[in-house]
Amino acid sequence: MVHTFIIAPDTYTSFEDEADLIDQCKAWGLLSDKALKSKSYAYKGNGKNLTCTIAGYVDSYTAVIQFDDGQLHCVHPSYLKEMQASSYGQKSSATATTSDEQPAADEAAAEFSEAVEAAIEATPEQAVPAEPAAAAFPPIEDISDEPKPKAKEKTSKRAPKLALPEEKVKMTATVQEFTTVPNNFSDTEDEVIIYEAVAIIDPALEVGVAWSSHSNTLKKLELEVGDTLTFECKIVAKKLTKHPVPYKINNPAKIQKVQA
């Protein structure tokens, strides 16, 4: 049976192994910190209650789930977490709408927000506004004998994109800043860490600045600005919202503080 509500990912990152899946689900709050095994989840919405598993992710805000029939669907992890509650979608008798209508509306709103965010993420640069229309009257000729100054040539100062490895690599980075960024799917903001002096150890590659989610694993280290770390992770080209940080560190593991 083909589900009509499906938002299939164009591309997504699958997990290397179960340990990688468990780490990401813990970061999303879909598993407890003590969990040792992955599990299946209930997808409730559109009048349905389906079993699904986590197949991968598009980014840190978009999980990719797989239904029993093999179909893939994009969903925000927070919404999937809410669906696990036994009371999800239930409505009191005083509410005019039926119990099936509200989950469908909630899901439609969530999926619309996801689609808008995906479209924004897929746009490499903001559109350049069109030039204003020419005036209705012809311009007055410049009768001055003074030569017009030449316009300065614009030079691009944008740094070239790095060729990042697709597999996990060992890296080093120094904590530069703790901050938060807006989350379009929640009333609270997401905590993140911005790093400086980021570099891949093998093969040697200077990255510069990067960011990561301030996960529960990282919080246990009680990091401070200036702390230098080594870890294993995947690094991808993903800009931090409202910050000039072009690269993201995904699922750092085997984290160690470097003694000064």
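Quick notes on the rules
Residues numbered from 1 in each chain as written. Predicted model: local features only at pLDDT ≥ 70, side-chain atom pairs only at ≥ 80, totals over all residues. Heavy atoms only, no water. Phe/Tyr/Trp six-rings, centres within 6.5 Å; stacked < 30°, edge-to-face > 60°. Helix = DSSP H or I, 4+ residues; strand = E, 2+ residues; numbered from the N terminus. Buried < 20%, exposed > 50% of the residue type's maximum accessible area, 1.4 Å probe, protein only. Lys NZ or Arg CZ within 6 Å of the ring centre and 35° of its normal. Core = buried A, V, L, I, M, F, W, Y, C linked by side-chain atoms within 4.5 Å. Polar contact = N/O pair within 3.5 Å; in protein donor to acceptor, adjacent residues only side chain to side chain. pLDDT = per-residue confidence, 0-100. Contact = heavy atoms within 4.5 Å. Salt bridge = Lys/Arg side-chain N within 4 Å of Asp/Glu carboxyl O.

## Remarks on the packing of aromatic side chains
Then step 1. Tallied over the full model, the rule gives five aromatic pairs.
Then step 2. Where F5 meets Y43, the ring centres are 5.4 Å apart and the plane angle is 10°; that geometry is what we call stacked. One end of the pair, F5, is in the segment before β1 (13–14); the other, Y43, is in strand β2 (residues 41–45), and 38 residues separate them in sequence. Exposure class is identical for F5 and Y43. Each is buried.
Then step 3. Aromatic ring contacts, followed pair by pair, group F5, Y43 and F67 into a single cluster.
Then step 4. The residue whose ring lies beneath K248 is W211, and the NZ or CZ to ring-centre distance is 5.2 Å.

## Let's talk about the nonpolar core
Within soluble globular proteins, side chains that are nonpolar tend to cluster in buried spots.
Then step 1. Within the largest apolar cluster, 23 residues are counted, with the highest numbers of intra-cluster contacts made by Y41, Y43, I54, I65 and L80.
Then step 2. Of all the secondary-structure elements, those providing two or more residues to this core are α1 (18–28), β2, β3 (48–59), β4 (62–67) and α2 (77–83).
Then step 3. Counting 19 residues, the second largest nonpolar core, distinct from the first, contains M171, Y195, I200 and A210.

## A word on the side chain of H73
Then step 1. Residue position: H73 is located in strand β5 (residues 72–75).
Then step 2. Separated by 2.9 Å, the side chain of H73 and the backbone nitrogen of I7 make a polar contact.

## What to know about the confidence of the model for the protein
Then step 1. Averaged over the protein, the pLDDT score is 79; the fraction of residues at 70 or greater is 71%.
Then step 2. Ignoring residues within four places in sequence, the model shows residues 92–102, a span with pLDDT below 50, making six contacts including any to other chains.

## Description of α1
Then step 1. Among all positions in α1, only D20, L21, I22, Q24, C25, K26 and W28 are buried.
Then step 2. You can read the cap of α1 off the contacts: a side-chain oxygen lies 3.2 Å from the backbone nitrogen of A19, and it is on D17.
Then step 3. Two residues or fewer past α1, G29 is found with a positive phi of approximately 85°.

## Things to note about the pattern of salt bridges
Then step 1. All told, the structure shown has five salt bridges when counted by the stated rule.
Then step 2. For K234, the salt bridge goes to E16, with nearest N and O atoms at 4.0 Å. Of this pair, K234 sits in strand β9 (residues 228–237) while E16 sits in the loop between β1 and α1, placing them 218 residues apart in sequence.
Then step 3. A salt bridge links D227 to K257; the shortest N-O distance between them is 3.8 Å. Here D227 is found in the loop between α4 (216–219) and β9, whereas its partner K257 is found in strand β10 (residues 247–257), with 30 residues between them in sequence.

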